[in-house]
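The chain contents come next:
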Amino acid sequence: MVFAPAYLDYNATTPLDPRVLEAMLPHLRERFGNASSRHEYGRHARRAIDEARQQVAAAVGAHPTEVVFTSCGSEANNLFLKGAGGCMRAGVLAISAIEHPCVREPARQLVRGGWQLREITVDAQGRLDGEDFAAALVAGAKMVSVMLANNETGAIQDVAALVMRAKPFRVWFHTDAVQALGKIPVNFRSLGVSAMTLSAHKIGGPLGAGALVIDKRVELAPLIAGGGQERGVRSGTENVAAIVGFGRACELAVSELRESARRMRRMRDRLEAGLIASGARVFSTGVERLPNTVFFALAGIDGETLVAHLDRAGFAVASGSACSSASPEPSRTLLAMGVDPVTAKGAVRVSLGRSSSDEEVERFLDALAETVTRLKQMAAIAV
Amino acid sequence: MLKLPIYLDYSATTPVDPRVAEKMVPYLTEKFGNPASRSHAFGWEAEKAVEGAREHVAALVNADPREIIWTSGATESNNLAIKGAAHFYQSKGKHIITVKTEHKAVLDTVRELERQGFEASYLDVQENGLVDIDRFKQALRKDTIVASVMLVNNEIGVIQPVAEIGEICREKGIIFHVDAAQATGKMAIDLARLKVDLMSFSAHKTYGPKGIGALYVRRKPRVRLEPQMHGGGHERGLRSGTLPTHQIVGMGEAFRIAKAEMASENERIRCLRDKLFKGLSDIEAVEVNGDIEHRVPHNLNISFAYVEGESLIMAIKDVAVSSGSACTSASLEPSYVLRALGRSDELAHSSIRFTIGRFTTEEEVDYTIDLLHRKVTKLRELSPLWEMVKDGVDLSSVQWAAH
């Protein structure tokens, strides 16, 4: 490659922080033991995992014994929904209409086991509809899952308030905090949730590690049996290097949160101002959002085409979430917000991170303007 | 100079081969894309690496890359294979056959299915640890839908007759799963010939990283599974979750190296194992657990009678070995595998698994032989039982008084 393309897709995955890599490398080299082994090699591995568990717990104000390591955020979401759901008699399960597929799909699986699934609607800004939420509680929801921050729009739900409203009802409240961690303060206790999903690779940690933080009162059937690791809730030889990386990444994400959020917000605001000036419609601007995310659409411009042109111009952005970007469907989040399918299909997500710079933002705006002009000319010729 | 403790626990986990680590590092640094990102070069580059690795894994076992599904490890593969097949084919029957000496990841999974209403037969093994084909046939029922038999046992290293069992299963239309976590790189596996429908693999037992494994899912005849993890629809819907590119690249490279080097490497390891065996055979009252012929060259599991197992492990802490499978060694229960061979609890307790690998040296084996000689002799000097044996007392005739 002649030039390094600008990576503006931090919500899909983040580059590994070099300090995290440094923490991981010994565990890919001489510290290779199996944490279940009782000899010195094994004990080193066990200690490293214990330390990482403390780091993760500390980052979100939980107790280390509340942290269950998994292979990714998707697994943690599956573990909560199927694991807790499997220990209860089937009832009503309520999730927001804008959940990630790894919440929505396991929720749908529960329907096969007799659960009744309710999708709580959101308003035009992507915030949960309070009345619909209350209705789900009144309908007797036993489990609720509402994401803390949306992966596409970055809209933040007031989960703490929702939990308060759910208090009088007997409900396990889960939140997928994968996109929120490292971008806004996330605290298991002050949110008051019963369970929370985290992922390493969204915060400068490695792929291959996630966690379910869970209140011990929630009974959980394992998804993966055999061996009895993670107190029997998640068997399988621990991925020591990734877990160590996750721990270190959590530590850094929290200690640097204030500064990095401020920096991202400044760049994001500049980016957004430029986009609005060029006629873009930016989603969820009316609510609290992650400081790094802009989700926008330009009238008459197809998102897929725009993203492909931007890639050629050296800017990595996304049209929707990575998991569903294989299918050119309109964004589900936007549809749930009442955006028309044509606009929803044209939406582009820019998400900033540690390596992003003011200069990149300026270059991006220039490249976007140029690309849009060209696409419009092409469209005019085609007509 | 020897570096202590000497690692002779390659069946618990292996070090990542430095060549593997080297391949992984770029995907931990500049090539960090999410392989599911379809809108930019970072994603494509990661996806390409993932597909390249899939080819290497498939090549080691002579399969089609499209038959390889990434998982977080062999435990997940075993869960996905057995639960996935049992759930998908439950309209055809509810009986599952497995073996008492399987890994916990298989046994616990089958137990869970029993709780869900499936029925299971846990086959005994012969004294040499091998499954008796006739017994297997006798266990078959009209409603048997899944059989799961490991290729290589993790504790005693014996190789089960999966080729024969596969023939039987295919003929009866039973889905046959094989846990091959302990087999890759240690013996040739040819899935074009073996009538195996599902096979589990692990990277970290074959010099790859932890946290990654694979499940082989046969295409012809096609085997169907109910996914166990749902979400973005990765791995053709069979296993959702962002793919850990660097780990996948590591597994691919580890399996590529295994294919290229296993013939010569296993010869070298066999020599070391034989040397260790010969060296330890000099000690009185030792016994090998499991068939010594039908066995991978890496494994030697030996009982040192009249020595208390825990004291032995403590006495030889300069060699890192295991006294049961690593996953259960936190408990002091005698190994269920050795008990299935008919070993007494005492003998099971005094058994040690030595597993040799790529980085084991002759010097380390010599040191181990010497250490065992010294420590076993010393511990037996302290043992009243040993004294009685030496005096010619037949311990089985002794009436022990309760107190």
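Residues numbered from 1 in each chain as written. Chains lettered and ligands numbered in written order. Predicted model: local features only at pLDDT ≥ 70, side-chain atom pairs only at ≥ 80, totals over all residues. Heavy atoms only, no water.

### With respect to the overall build of chain A
Secondary structure summary: chain A contains 13 helices and 12 strands in total. By its C-alpha atoms, chain A is 70 × 55 × 35 Å across when sized along the principal axes. Across the 383 residues that make up chain A, the buried fraction comes to 62%. In chain A, of all internal contacts separated by at least 6 residues, the share reaching a separation of at least 24 is 72%. For chain A, the exposed surface amounts to about 14400 Å²; the carbon and sulfur share of it is 53%. (Helix = DSSP H or I, 4+ residues; strand = E, 2+ residues; numbered from the N terminus. Buried < 20%, exposed > 50% of the residue type's maximum accessible area, 1.4 Å probe, protein only. Contact = heavy atoms within 4.5 Å. Areas by Shrake-Rupley, 256 points an atom, 1.4 Å probe, with all protein chains shown as cover.)

### Overview of the environment of Arg289(A)
Residue and element names in this part refer to chain A. Here Arg289 lies in the loop between strand E9 (281-282) and strand E10 (293-297). Owing to a relative accessible area of 6%, Arg289 belongs among the buried residues under this scheme. When the C-alpha atoms of Arg289 and Ile156 are compared, they prove to be 5.2 Å apart, with 133 residues separating the residues in sequence. Those residues within four positions of Arg289 in sequence are excluded, and the remaining contacts are Thr153, Gly154, Ala155, Ile156, Arg268, Glu272, Val282, Phe283, Ser284 and Val294.

### Digging into the nonpolar core
The tendency in soluble globular proteins is for nonpolar side chains to be buried side by side. Within the largest apolar cluster, 136 residues are counted, with the highest numbers of intra-cluster contacts made by Phe136(B), Met199(B) and Phe201(B). Here the element with the most residues in this core is helix H8 (residues 240-255) of chain A; it accounts for 10 residues. The residue makeup of this core includes at least three contributed by each of domain 1 (6-15 + 257-382) and domain 2 (18-254) of chain A. Other than its neighbours up to four places away in sequence, Met199(B) contacts Leu151(B), His177(B), Val178(B), Ala180(B), Ile189(B), Leu191(B), Leu194(B), Ala214(B), Leu215(B) and Tyr216(B). Leu2(B), Val288(B), Ile302(B) and Val321(B) belong to the second-largest nonpolar core, a separate cluster that totals 27 residues. (Core = buried A, V, L, I, M, F, W, Y, C linked by side-chain atoms within 4.5 Å. Domains from an automatic or database assignment.)

### Here's the deal with the environment of Asp370(B)
All names here are of chain B. With respect to the helices and strands, Asp370 occurs in helix H11 (residues 362-381). Taking the relative accessible area as the measure of exposure, Asp370 reaches 40% and is therefore partly exposed. Along the chain, Asp370 and Leu280 lie 90 residues apart, while their C-alpha atoms are 8.7 Å from each other.

### As for the interface of chain A and chain B
In this complex, chain A contributes 62 residues to the contact, which on the side of chain B involves 66 residues. Buried area between chain A and chain B, both sides added, is near 4800 Å², and the carbon and sulfur share of it is 60%. It is Phe32(A), Arg38(A) and Leu207(A) that lose the most area in chain A upon contact with chain B, and together they represent 14% of the buried surface on that side. Between the two partners, chain A and chain B, sit two salt bridges. A salt bridge links Glu226(B) to Arg112(A); its shortest N-O distance comes to 2.6 Å. (Buried area = accessible area lost by both parts, 1.4 Å probe. Salt bridge = Lys/Arg side-chain N within 4 Å of Asp/Glu carboxyl O.)

### Digging into the pairing of strand E5 (residues 141-145) of chain A
Walk down a regular strand and you will see the side chains alternate between the two sheet faces. All names here are of chain A. The buried fraction of E5 amounts to four of the five residues, a majority that puts the element mostly inside the structure. Two elements, strand E3 (residues 92-96) and E5, share four bridges in a ladder whose sense is parallel. Within E5, the position partnered with Ala94 by the bridge is Val144. The pairing of E5 with strand E6 (residues 172-176) spans three bridges and is classified as parallel. Its bridge partner lying in E6, Val144 is registered against Phe173. (Pairing = 2+ DSSP bridges.)

### Some points on unusual backbone geometry
Between Leu4(B) and Pro5(B) the backbone carries a cis peptide bond, its omega angle lying at -5°. The topology assignment puts Pro5(B) in the segment before strand E1 (6-7). At the junction of Lys220(B) and Pro221(B), the peptide bond is cis and its omega measures out at -10° in the coordinates. The residue Pro221(B) is located in the loop between strand E8 (213-217) and helix H7 (245-281) in this model. For Glu230(A), which is not glycine, the phi dihedral falls at a positive 50°. Here Glu230(A) shows up in the loop between strand E8 (210-214) and H8. Of note in this structure, Arg236(B) is not a glycine but carries a positive phi near 50°.

### Overview of the environment of Ala192(B)
For Ala192(B), the location among the structural elements is in the loop between strand E6 (175-179) and strand E7 (198-202). With 129 residues separating them along the chain, Ala192(B) and Ala63(B) place their C-alpha atoms 6.6 Å apart.

### As for empty space enclosed by the protein
By the definition in use, this model includes nine cavities of 30 Å³ or more. Reported here for the largest cavity is a volume of approximately 420 Å³. Looking at the largest cavity, it is lined by 37 residues, and the ones nearest its centre are Gly236(A), Thr237(A), Glu238(A), Thr75(B) and His204(B). Among the elements of the structure, strand E2 (67-70) of chain A together with helix H3 (74-88) of chain B are those that each provide at least two residues to the lining of the largest cavity. When residues of the lining of the largest cavity are assigned to their parent elements, the largest contribution, four residues, is made by H3(B). Residue composition of the lining of the largest cavity, by class: 10 nonpolar, 20 polar and seven charged. (1 Å grid on protein atoms, 1.4 Å probe; cavity = no way out; pocket = protein on both sides within 12 Å on 5 of 7 lines; lining within 4 Å. Points joined across faces, edges and corners; volume = space filled by probe spheres on them. Nonpolar A, V, L, I, M, F, W, Y, C, P; charged D, E, K, R; others polar.)

### Overview of the sheet that holds strand E9 (residues 286-288) of chain B
Residue and element names in this part refer to chain B. Spatial ordering of the open sheet is given by E9-E10-E12, a layout of three strands whose pairing is antiparallel. Across the chains shown, the open sheet's two edge strands, defined by having one partner strand only, are E9 and strand E12 (351-355). The average angle at which neighbouring strand axes cross in this sheet is 25°, direction not considered. Across five bridges, strand E10 (residues 299-304) lies against E12 in antiparallel orientation. Looking across to E12, one finds that Leu300 is bridged to Phe354. H7 rests against E9, E10 and E12 of the sheet, and its axis sits at about 10° to E10. (Axes fitted to C-alpha atoms, helices over the stretch in contact; angles between N-to-C directions.)

### Some points on the sheet that holds E8(A)
Residue and element names in this part refer to chain A. With respect to topology, seven strands assemble into an open sheet ordered E2-E8-E7-E6-E5-E3-E4, the strand pairing being mixed. Two strands lie at the open edges of the sheet, namely E2 and strand E4 (116-120), each paired on one side alone. Across the sheet, the axes of successive neighbouring strands diverge by a mean angle of 20°, strand direction being ignored. Relative to strand E7 (residues 195-199), E6 is paired through three bridges, and the arrangement is parallel. From the neighbouring strand, His174 faces E7, where its bridge partner is Ala195. Lying over the sheet, helix H2 (residues 40-59) contacts E2 and E7, oriented at roughly 115° with respect to E2.

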